[in-house]
Structures are given as C-alpha cells and as structure tokens.
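The lines below spell out each chain.
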Amino acid sequence: ILGFSTPPGRLSMMAFILNALTCALALLYFIRRGKQCLDFTVTVHFFHLLGCWIYNSRFPSALTWWLVHVVCTALMAAIGEYLCMRIELREIPLNSAPKSNV
C-alpha cells in the first residue's frame, strides 16, 4: 500500500512520518538521554519489523517499505537526540543567596 502514485499510499507515508515525529517527542519524555535515542529508535523499528513479518507471514520486500522506515528511523533518532540534547545542555541554576521564607 506504500507508494507515491496513489493517495492512500501517500497518506500512509505521511502517517509514518508523523508517527516518527511524535515518537521523537516520546523519546524526550521517556528516555531523556541523547546518547540512548538511537538505541531505542532502532529497537522500536526492529520490533515493528518483526511484527510486520509475523502479521504478513513473509519478510517485507517492498523497496518503498524499506525507504519509508529508514527515513522514519533517521528522523526519529535525529529529532529525538536534538530535543534531548537541548534539555541536557540547559544551564544549571546556581543561587548563592540563602533562601529565607519569613
């Protein structure tokens, strides 16, 4: 069903790309480490490959399927790592003044 020539194929590819973007946000909230984003991204896509293989009873062989998943893996890892690095590189506030709640 994935393909550039039909509207359902283009819609499916756009859904995969939007899923990669939302999963990148999930990496930010659940993983929070830039170094681990690629590991979790590849693991999620590997389990998706296994699920597709079991569901269809055959290994995915369509070139468009592989292209879409390689692009989605790269997007999810890159955007997730970028977001996590922004959080990791924030300045740590250092207040030397004593707190007084009187």
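Residues numbered from 1 in each chain as written. Predicted model: local features only at pLDDT ≥ 70, side-chain atom pairs only at ≥ 80, totals over all residues. Heavy atoms only, no water.

Counted only if it meets this: UniProt positions are given in the numbering used here, feature names are shortened, and annotations may be inferred rather than shown by experiment.
Identification of the protein chain as SYS1 protein from Mionectes macconnelli is taken from an unreviewed UniProt entry. Turning to the protein chain, the UniProt annotation filed under Subcellular location (unreviewed entry) states: "Golgi apparatus membrane". UniProt's Sequence similarities (unreviewed entry) comment on the protein chain is quoted here verbatim: "Belongs to the SYS1 family."

1. Some remarks on unusual backbone geometry
When glycine is set aside, most residues are seen to have a negative phi, and most peptide bonds are trans. The test is simple: Strands are runs of DSSP state E lasting at least 2 residues, helices are runs of H or I lasting at least 4, and numbering of each runs from the N terminus.
Here the phi dihedral of arginine 32 falls at roughly 60°; this positive angle occurs in a residue that is not glycine. Here arginine 32 shows up in the loop between α1 (7-30) and α2 (37-56).

2. Here's the deal with helix α3 (residues 63-88)
In plain terms, the rule: Multiplying 1.5 Å by the helix residue count minus one yields the expected span of that helix. Each residue is placed in one exposure class: buried if its accessible area under a 1.4 Å probe, protein chains only, is under 20% of its type's maximum, exposed if it is over 50%, and partly exposed if it falls in between. Here, two residues are considered to be in contact whenever any of their heavy atoms come within 4.5 Å of each other.
Counted at 1.5 Å a residue, the expected span for α3 with its 26 residues is 38 Å, and the 37 Å between its end C-alpha atoms agrees. Considered for burial, the residues of α3 that qualify are Trp65, Val68, His69, Cys72, Thr73, Met76, Ala77, Gly80 and Cys84. If you follow the buried residues of α3, they end up packed against α1 and α2.

3. Details of the packing of α2 against α3
Pairs of packed helices are described in terms of their axes, by the angle between the two and the distance that separates them. The condition that has to hold: Structural elements are reduced to axes, namely lines fitted to C-alpha atoms, with helices fitted over the stretch in contact, and the angle between N-to-C directions of any two is expressed from 0 to 180 degrees. Reported orientations rely on four angle classes, namely roughly parallel under 35 degrees, roughly antiparallel over 145, roughly perpendicular from 65 to 115, and oblique for the rest. When the near helix sits turned anticlockwise from the far one by under a right angle, the crossing is termed left-handed; a clockwise turn instead gives a right-handed crossing.
Axis separation between α2 and α3 bottoms out at 9 Å; the angle between their running directions is 155°. Regarding the angle of α2 to α3, the classification is roughly antiparallel. At the point where α2 passes α3, the crossing takes the right-handed sense. On the side of α2, the interface is formed by Cys37, Leu38, Thr41, Val42, His45, His48, Leu49 and Cys52, while α3 contributes Trp65, Trp66, His69, Cys72, Thr73, Met76, Ala77, Gly80, Glu81 and Cys84.

4. Here we look at the nonpolar core
How we decide: What is meant by a nonpolar core is a set of buried Ala, Val, Leu, Ile, Met, Phe, Trp, Tyr and Cys residues, joined one to another through side-chain atoms within 4.5 Å.
Ranked by size, the top nonpolar core spans 14 residues in total, and within it Leu2, Leu27, Trp65 and Val68 carry the most contacts. Going through the elements one at a time, α1, α2 and α3 are the ones with two or more residues in this core. Take this core: its biggest share by element is five residues, from α3. In contact with valine 68, not counting residues within four places along its chain, are Leu2, Met13 and Phe16.

5. Overview of the UniProt feature "transmembrane region" (unreviewed entry) in the protein chain
Per the UniProt annotation, the sites labelled "transmembrane region" (unreviewed entry) are residues 12-31, 38-56 and 62-84. Taken end to end, residues 38-56 comprises 100% helix and 0% strand; its first and last C-alpha atoms sit 27 Å apart. Counted over residues 62-84, helix gives 96% and strand 0%. Its end C-alpha atoms are 33 Å apart.

6. Examining the packing of aromatic side chains
For clarity, the cut-off: Between 30 and 60 degrees the pair is tilted, below 30 it is stacked and above 60 it is edge-to-face, where a pair is any two Phe, Tyr or Trp rings, Trp via its six-membered ring, whose centres lie within 6.5 Å.
Enumeration according to the criterion identifies four aromatic pairs in this entry. With centroids separated by 4.9 Å and ring planes inclined at 80°, the aromatic side chains of tryptophan 53 and phenylalanine 59 adopt a geometry described as edge-to-face. Residue class for phenylalanine 59 comes out partly exposed when judged on its relative accessible area of 38%. With a centroid separation of 5.6 Å and an interplanar angle of 35°, the aromatic rings of phenylalanine 59 and tryptophan 66 are classed as tilted. An aromatic cluster of at least three residues, connected via ring pairs, comprises Trp53, Phe59, Trp65 and Trp66.

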